[in-house]
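Residues per chain are reported as follows:
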Amino acid sequence: MTKRKFFHGESRFSATTRCLAIAALSTGWLVLFAQAQLAVAAESGAETTSEGDKKKDLPPKPVFDATIEKELTDFMAKVKDGKRKLSNEKMDKIIERVAKTTGLNEQGRKTLETKSREVTDIFLVDWVDAYDRLIRSLMKESQEQILAFIKARSNETAENLALNFRHDLSAAEAQDSKAWAAALKDTLTPEQYATWQKSDTGEREKLHAEIGDRLNAWLDPSREAMNEEVLTKVAQMSRSLNLSKEKADQLKSVGKSAVDESIGKMRDREEKMIAAMDEDARRQMLKNRNIYFSPSQEESPETSKAWKTGLTKLLSADERKQLDTEAAEHLSRRVQALARLMVAEIDARVALTADQRKRLEPICQRIAEKDSKSLSNSLGQGYSQIDVMATLSTEVKPDEAETKAILEPIQRQHWLAVCKIQTEERNAQSRTPTVKPKEEKAALPPEPEDVERAISDYLEGKERLHRQKALAEALLRAEDAGRAANLPAEKIELLKTAARGSAEELLASWKTNADETVRSSIGNTPARFVRSRLENLQEYNFQWRPNSQESDALWTKTFKATLDAGELAAAEKSVNERETFRSESVANFIVAMFDQACPINSEQQAKLTPAVAAAVKEYQADIQSYFSGNNSVSWYLSGFSMFIPVVAVPEADLKSILGAESFEQWTKSRQCGYVMNYWTWIKQNHEARAKAAKQ
């Protein structure tokens, strides 16, 4: 499952804080990319001995057909050139420092420069191999998406492509290699070398202290979140095993040690990463006081040595087996809930019949089970976004026999169109922001009409994508009504005409808002920087609200005038069944995921689900409106926002279902605090909307 994990607020800073290619990928691919990096890093660690010099055998790289191999070869050649240029620039700055510090003469500088190029070439061998392995491992999992990723970056500079990737967060750059240390020692006199070593060590210690002070502040929220999650886990384990207070307290101590170990690993990783950054980027980053980090799977407290060893000492084999069995049961419920939600997501985009929904469930169950680890409990992982559509667009192939036997031709066409739009949206969201160009004297400054042309070209591209979405969603309603009510062709065509008109009215409203957004974002930006500014605008700036009341007037009027009473009843029945299935699927998934934040048993889940379903039905329009700026992942698949319907359940009812202890633990948690911040505004909007409707 495509899943991204982060603490509240981190998503705004991930691109600048990670220095990874994941910053260049869409949010939906973040975790897949990160997991591949970890696998590559593990392989890279196996490449060398403790001295880091001797190669070991590596598993063979995946190989693809000639066309894809050509794409990969060209892409990697560009990445390699970019990395070489970046490395050489960094080496030149270091040589400048060496000369200034040691008094190295011009001949010595030239010698070091020549040797630095040789060092870079040596460094690039492993670096490029790791990048190539990463891309190939991703392509093996999701070939179409990675090809789209490569093609979308065809116009990016080689330096940009290389800058956003480090194959191993613990790995050194070229200037940290033994080859470079040897080059310095061979070129400098003993006195010069000693002077440089002293100066360089002092600079590193100063940098270490500077980074360390900032990391302390950055990692505090991570520590607090981990401690809270560990305490929740310990409380659940204590209840399940009926542990004595003494043993429960010992388990808490184990959890604290596990958190300390996890934070230590994170600190080492982030410190090395920040130290390796370009000086200007690092300086800019260290000014920021609001950056949040979350651990990788390998850095999670529950994977730590302290946690594993502590559980082995404190709990018997039978007790550990019982916990494993319970964890598997909870995971199974989440997988089943996700599978049903997948059906609902497909249903919303191709308008399934009840029979088709039932026949698709086994397929979606297999897809959910395929990557069930993404739904497993993982302490310290913060909250996550699960991009279900990114997974479905890869896994559900409309031309495969199994899918063909279920979907009608027009539904398969809709699914292909949806997948294409999804890919284009991800590519648009994933473009790496360009660096503002240095001011240069231009022979002919851009004219006002050039600025207008840039804005027009930009909006035209955005409009094309949004028109596709609007038309697809509008026409789907007409086709669904035709299928459900068995309408004759002429009536279906009338509905399609109304649907197109409705979509155009909606698009006209969107265009007005988009134009205002773009011009407001540009502000007083100098004309020569306008295109760069436009490229850096993120997709969330272009809010998309389908099926608005105003644009639906034409559709509703035509719909009611075209269909007779029996046809209207059949069409509305189909819509109502779909909405009910979707609401129930969303509620079921929310409760299954809530089980991670506040562990509940199957009986509690059975009681909580209908209460959450009622809240979803009541507040869904308000929640959707509140989060309408996020086009990539729905609110019920996004972190803490998915739990809004839980806090919407009347307090007395929720307390009765959870029990006093669990209720108190949940309401005092950081997660609940974040949800309540959302809920306050959503409830106010709901009450205002209800009041306006009565007037």
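You'll find the structure just up there.
Treat the numbers as computed from the prediction; the structure is a model and nothing was measured. All chains use their own residue numbering, which begins from 1 and follows the written sequence. Local features in this predicted model are restricted to residues of pLDDT 70 or higher, and side-chain atom pairs are both shown and tallied only at a pLDDT of 80 or more, whereas totals for entire chains, interfaces and linings draw on every residue. Hydrogens are left out, water is left out, and the side-chain values use all remaining heavy atoms of the structure.

**Remarks on the packing of aromatic side chains**
Convention followed: For Phe, Tyr and Trp, rings pair up if their centres lie within 6.5 Å, where Trp contributes its six-membered ring, and each pair is then called stacked (planes under 30 degrees apart), edge-to-face (over 60) or tilted (otherwise). Each residue gets one of three labels from its accessible area relative to the maximum for its type: buried under 20%, exposed over 50%, partly exposed in between, using a 1.4 Å probe on protein chains only. Strands here mean DSSP runs of E at least two residues long; helices mean DSSP runs of H or I at least four residues long; both are numbered from the N terminus.
Taken as a whole, this structure holds 11 aromatic pairs when the rule is applied. Judged by centre distance (4.9 Å) and plane angle (75°), the rings of Tyr-626 and Phe-627 are edge-to-face. The exposure class assigned to Tyr-626 is partly exposed, which follows from its relative accessible area of 34%. With centroids separated by 6.0 Å and ring planes inclined at 70°, the aromatic side chains of Tyr-626 and Tyr-678 adopt a geometry described as edge-to-face. A residue pair is termed long-range when its members are at least 10 positions apart, and Tyr-626 in helix H22 (residues 602–626) and Tyr-678 in helix H26 (residues 670–694) qualify at 52 residues. Relative accessible area serves as the criterion here: at 17%, Tyr-678 is assigned to the buried category. By way of ring pairs, the aromatic residues Phe-75, Trp-127 and Tyr-131 are connected into one cluster.

**A few points about H26**
Quick note on the threshold: Residue count minus one, scaled by 1.5 Å, sets the expected span of a helix.
With 25 residues, H26 extends 37 Å between its outermost C-alpha atoms, agreeing within 8% with the 36 Å of an ideal straight helix rising 1.5 Å per residue. For H26, the set of buried residues is Gln-671, Cys-672, Tyr-674, Val-675, Tyr-678, Trp-679, Ile-682 and His-686.

**Here's the deal with the side chain of Gln-605**
Operational definition: Contacts are residue-level and defined by heavy atoms, with any inter-residue pair within 4.5 Å sufficient.
Structurally, Gln-605 can be placed in helix H22. What makes Gln-605 buried here is its relative accessible area of 9%. If we skip the residues at most four places from it in the chain, Gln-605 touches Arg-333, Asn-588, Val-591, Ala-592 and Ile-600.

**As for the pattern of salt bridges**
Condition: Salt bridges, as used here, are contacts in which a Lys or Arg side-chain nitrogen is within 4 Å of a carboxyl oxygen on Asp or Glu.
Summed over the entire model, instances satisfying the criterion amount to 46 salt bridges. In this structure, the salt-bridge partner of Arg-578 is Asp-480, at a minimum N-O distance of 2.8 Å. Taken together, the residues span a long stretch of sequence, with Arg-578 in helix H21 (residues 565–597) and Asp-480 in helix H17 (residues 448–485) at a distance of 98 residues. Each member of the pair Arg-578 and Asp-480 is classed as buried. Sharing partners across several salt bridges, the network here consists of Lys-61, Glu-69, Asp-129, Asp-132, Arg-133 and Arg-136.

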